There are 2 protein chains.
Amino acid sequence: METLVMSGRPVADAYKEQIKEKVEAAQQSGKKVTLAILTVGQDPASFVYRKRLLKITESLGIGSRCVELPETATTEETVAAIRKLNEDPDVTGILPMMPMPKQVDGDAVGAALAPEKDMDCLNPANGGALLMGKGRWAACTPRACMAMLKFYKIPLDGKHAVVLGRSNVVGKPVALLLLQENCTVTVCHSHTKNLPELVRQADIVVAAIGKAGFVTPDMVKPGAVIVDVGINVTETGIVGDVAPEATEKASAFTPVPGGVGVVSNVMMMDAVVRNV
Amino acid sequence: METLVMSGRPVADAYKEQIKEKVEAAQQSGKKVTLAILTVGQDPASFVYRKRLLKITESLGIGSRCVELPETATTEETVAAIRKLNEDPDVTGILPMMPMPKQVDGDAVGAALAPEKDMDCLNPANGGALLMGKGRWAACTPRACMAMLKFYKIPLDGKHAVVLGRSNVVGKPVALLLLQENCTVTVCHSHTKNLPELVRQADIVVAAIGKAGFVTPDMVKPGAVIVDVGINVTETGIVGDVAPEATEKASAFTPVPGGVGVVSNVMMMDAVVRNV
């Protein structure tokens, strides 16, 4: 059986084309398209991520604005900064970098985001819409998983998808998006007892558990489709949640690196132009 | 093996005691506790439900207010009525009866509810909170399912729960609440292919599919716990989604009638006093 490697690059490229067209059309009609990134303090990981996003915005002709608040900023000050961006018609997307320093209530910051400018589903109103089956603006990573499956024409209707992980940012939203596509969905996590047995039943495995090589060959039904959301830093480089030997049993899988992560960043840009 | 019949009555009674105490304490400190029920038009089912709720409010010393808009009311008029109730400090809970007449945008009405007065999780902000693991104010029926399981001390951690049905009002929220209690959760629905095989794996079955006697004995693992949310009107009376023969294989089950439904109405009253 041949195994399809679901590379992220062509998926990302297809989205980038669409996004560029939207940006150009907006600019021609005099409308600005800008991603605002809000940082509080000096978290190095946030700055690495911001740098990567700024590179993509630039390549797509999307404007950017970096708002930097001091490490000592209060919740009120952070919310006020969000409100200012909400009201700015040039700003089409706002990403507050999480986690924030301890004294800042991250939930309050998320809830303050104008839902239509909320890039990563931090406002509960967008989470609620997702729950009610209007998941168009779920967070970027779950949307990237779905974009991969759709680009590579993986049949979803009636398939049994097993999601490993139940985080608010990946596991739960991707489970809802799969449900919306008529998958039967099982969510497994650290308390799951017969995990290998359950994963073996999956037509589609979504691994978002954050453990290098967690999914072993014995857990994979021959011919299953594997979406690997894991990004684990190891001595031998970045690896996914799925062991390489396990992907050999799949009919299709997303590689790590070069898979979901690549698409996820482009989904952020897709969100920036969503109302344009 | 003895089968535990998880009757709704003692669960409802235990909640009623708590609610009464809260209402009395509120009244002693001069605070009003009122459920406002908003109807648009003359849907008979809504009036039957309202009558039942009014009877319970009265029995618990909770005040009530019925707001009736004509069949021809617009979305704007309905939202305006909601806003007025939002601002009224005497009103602690608001229930707009769904479905509304066609010209009224039910989603807009739900979104207009003050989240803290939203009795049945119609405001997406409450749905989003549920998705993020803060499911204290999920809709009444899913909360009633959990209340049953807790009252009868059914172990949940690490158990495999299979939910039949994926509605916004029961299936999806109860799946999230079970996940929050560390269940492994599978959601099955009309597109599920190997449904009997999946249900047979369940330690806990939640049937919310709306089909009389849908769950047959061959689908039930001996000793499973069954929560039957179905209320199906048949020639022989009201029956659940689970065939009586199937409950015989269970270690515990909720009867229909007299099970989840009884608790669900009391959960509404619990929601009315939630901020008291």
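Residues numbered from 1 in each chain as written. Chains lettered and ligands numbered in written order. Predicted model: local features only at pLDDT ≥ 70, side-chain atom pairs only at ≥ 80, totals over all residues. Heavy atoms only, no water.

## Some points on the overall build of chain A
Summing up its helical and strand segments, chain A has 10 helices and 11 strands in all. Here the C-alpha atoms of chain A give a radius of gyration of 19 Å, agreeing with the 19 Å that 2.2 N^0.38 yields for 276 residues. Each principal axis of the C-alpha distribution contributes one length, and for chain A these read about 55 × 45 × 40 Å. Within chain A, the proportion of its 276 residues that are buried is 54%. Counted over contacts in chain A with a minimum sequence separation of 6, partners at least 24 positions apart contribute 73%. Summed over its atoms, the accessible surface of chain A is roughly 11700 Å², and 55% of this surface lies on carbon and sulfur atoms. Distance from the positive charge centre (29 side chains) to the negative charge centre (30 side chains) of chain A: 2 Å. (Helix = DSSP H or I, 4+ residues; strand = E, 2+ residues; numbered from the N terminus. Rg over C-alpha atoms; globule rule 2.2 N^0.38 Å. Buried < 20%, exposed > 50% of the residue type's maximum accessible area, 1.4 Å probe, protein only. Contact = heavy atoms within 4.5 Å. Areas by Shrake-Rupley, 256 points an atom, 1.4 Å probe, with all protein chains shown as cover. Lys, Arg positive; Asp, Glu negative; His and termini not counted. Charge placed at Lys NZ, Arg CZ, Asp CG, Glu CD.)

## Some points on the sheet that holds strand β7 (residues 204–207) of chain B
Whenever strands of a sheet pair, they do so through backbone hydrogen bonds, lying parallel or antiparallel. Here we have 12 strands laid out as an open sheet, ordered β1(A)-β11(A)-β8(A)-β7(A)-β5(A)-β6(A)-β6(B)-β5(B)-β7(B)-β8(B)-β11(B)-β1(B), and mixed in their pairing. Strand pairing shows two members of the sheet lacking a second neighbour, β1 (4–5) of chain A together with β1 (4–5) of chain B, which therefore form its edges. As paired elements, β1 of chain A and strand β11 (residues 252–253) of chain A share two bridges and run parallel to each other. Bridged to valine 5 of chain A within β11 of chain A is phenylalanine 253 of chain A. Here helix α7 (residues 171–180) of chain A sits on the sheet and contacts β5 (160–164), β6 (184–188) and β7 (204–207) of chain A together with β6 (184–188) of chain B; the angle it forms with β5 of chain A, its principal contact strand, is near 170°. Along the sheet face, helix α7 (residues 171–180) of chain B touches β6 of chain A together with β5 (160–164), β6 and β7 of chain B and points at about 170° away from the line of β5 of chain B. (Pairing = 2+ DSSP bridges. Axes fitted to C-alpha atoms, helices over the stretch in contact; angles between N-to-C directions.)

## Observations regarding the UniProt feature "domain: Tetrahydrofolate dehydrogenase/cyclohydrolase catalytic" (unreviewed entry) in chain A
What UniProt calls "domain: Tetrahydrofolate dehydrogenase/cyclohydrolase catalytic" (unreviewed entry) maps, in this numbering, to residues 6–120 of chain A. This span, residues 6–120 of chain A, is 50% helix and 17% strand, and a straight line between its end C-alpha atoms measures 24 Å. (UniProt positions renumbered as here; feature names shortened; annotations may be inferred.)

## Describing the packing of aromatic side chains
Residues and elements named next belong to chain A. If you walk through the whole model with that rule in mind, you get two aromatic pairs over all chains. With a centroid separation of 5.0 Å and 75° between ring planes, the pair formed by phenylalanine 151 and tyrosine 152 is classed as edge-to-face. Overall, phenylalanine 151 belongs to the partly exposed group, its relative accessible area being 35%. On the basis of relative accessibility, which here comes to 16%, the residue tyrosine 152 falls in the buried class. (Phe/Tyr/Trp six-rings, centres within 6.5 Å; stacked < 30°, edge-to-face > 60°.)

## Here's the deal with the side chain of threonine 57 of chain B
Residue and element names in this part refer to chain B. Among the secondary structure elements, threonine 57 is positioned in helix α2 (residues 44–60). Overall, threonine 57 belongs to the buried group, its relative accessible area being 1%. Ignoring anything within four residues of it in the chain, the contact list for threonine 57 reads Leu35, Ile62, Gly63, Ser64 and Met269.

## Topic: the UniProt feature "domain: Tetrahydrofolate dehydrogenase/cyclohydrolase NAD(P)-binding" (unreviewed entry) in chain A
Per the UniProt record, the feature "domain: Tetrahydrofolate dehydrogenase/cyclohydrolase NAD(P)-binding" (unreviewed entry) sits at residues 139–274 of chain A. In residues 139–274 of chain A, the share of helix is 32% and the share of strand is 19%. The end C-alpha atoms are 13 Å apart.

## Comments concerning the sheet that holds strand β3 (residues 63–69) of chain B
Residues and elements named next belong to chain B. The three strands lie next to each other as β3-β2-β4, forming an open sheet whose pairing is parallel. The sheet is open, and its two edges are formed by β3 and β4 (91–96), each paired on a single side. Adjacent strand axes in the sheet meet at a mean angle of 20°, parallel and antiparallel pairs treated alike. Where strand β2 (residues 34–40) meets β3, seven bridges bridge the pair, whose relative direction is parallel. Its bridge partner being in β3, valine 40 is matched across the sheet by leucine 69. On top of the sheet, α2 reaches β2, β3 and β4; it is set at about 160° to β3, its chief contact.

## Overview of empty space enclosed by the protein
Summed over the entire model, instances satisfying the criterion amount to three cavities of 30 Å³ or more. Of the volumes computed, that of the largest cavity is approximately 150 Å³. For the largest cavity, the full set of lining residues is Lys172, Ala175, Leu176, Leu179, Val185 and Val187 of chain A together with Lys172, Ala175, Leu176, Leu179, Val185 and Val187 of chain B. When contributions to the lining of the largest cavity are tallied by element, the ones reaching two or more residues are α7 and β6 of chain A together with α7 and β6 of chain B. In this structure, the second largest cavity spans a volume of roughly 40 Å³. Only β2 (34–40) and α2 (44–59) of chain A provide two or more residues apiece to the lining of the second largest cavity. A breakdown of the residues in the lining of the second largest cavity according to their chemical character gives four nonpolar, three polar and one charged. (1 Å grid on protein atoms, 1.4 Å probe; cavity = no way out; pocket = protein on both sides within 12 Å on 5 of 7 lines; lining within 4 Å. Points joined across faces, edges and corners; volume = space filled by probe spheres on them. Nonpolar A, V, L, I, M, F, W, Y, C, P; charged D, E, K, R; others polar.)

## Comments concerning the domain arrangement of chain A
Residue and element names in this part refer to chain A. In terms of domains, chain A is made up of domain 1 (29–131) and domain 2 (138–260). In this structure, domain 1 and domain 2 have C-alpha centres spaced 28 Å apart. Opposite the five residues of domain 1 that make contact, domain 2 presents seven residues. For the pair domain 1 and domain 2, the number of links is zero salt bridges. Scanning the region where domain 1 abuts domain 2 turns up one residue pair in polar contact (both at pLDDT 80 or more). For the side of domain 1 that touches domain 2, the residue count by class is four nonpolar, no polar and one charged. (Domains from an automatic or database assignment. Salt bridge = Lys/Arg side-chain N within 4 Å of Asp/Glu carboxyl O. Polar contact = N/O pair within 3.5 Å; in protein donor to acceptor, adjacent residues only side chain to side chain.)

## Quick word on the interface of chain A and chain B
At the junction of the two partners, chain A supplies 35 residues and chain B supplies 35 residues. For the interface between chain A and chain B, the tally reads two salt bridges. Taking the shortest distance from any N to any O, the salt bridge between aspartate 107 of chain B and lysine 134 of chain A comes out at 2.7 Å. Linking chain A to chain B there are 20 residue pairs in polar contact (both at pLDDT 80 or more).

## A closer look at the relation of the copies chain A and chain B
Each of the two chain copies goes to the other by way of a rotation about an axis and a shift along it. Once chain A is rotated about the relating axis by 180° and shifted along it by 0.0 Å, it coincides with chain B to within an RMSD of 0.0 Å. The operation mapping one copy onto its partner corresponds to a two-fold rotation axis. A share of 100% of the interface residues of chain A reappears at the interface of chain B, consistent with the copies meeting face to face through the same patch. (Least-squares fit on C-alpha atoms with pLDDT ≥ 70 in both.)

## Some words on unusual backbone geometry
Of note, the amide linkage connecting valine 256 of chain A to proline 257 of chain A takes the cis form, showing an omega dihedral of -5°. Note that proline 257 of chain A resides in the loop between β11 and α10 (260–272). The peptide bond linking methionine 98 of chain B to proline 99 of chain B adopts the cis configuration, its omega dihedral lying at -5°. Along the chain, proline 99 of chain B turns up in the loop between β4 and α4 (106–112).

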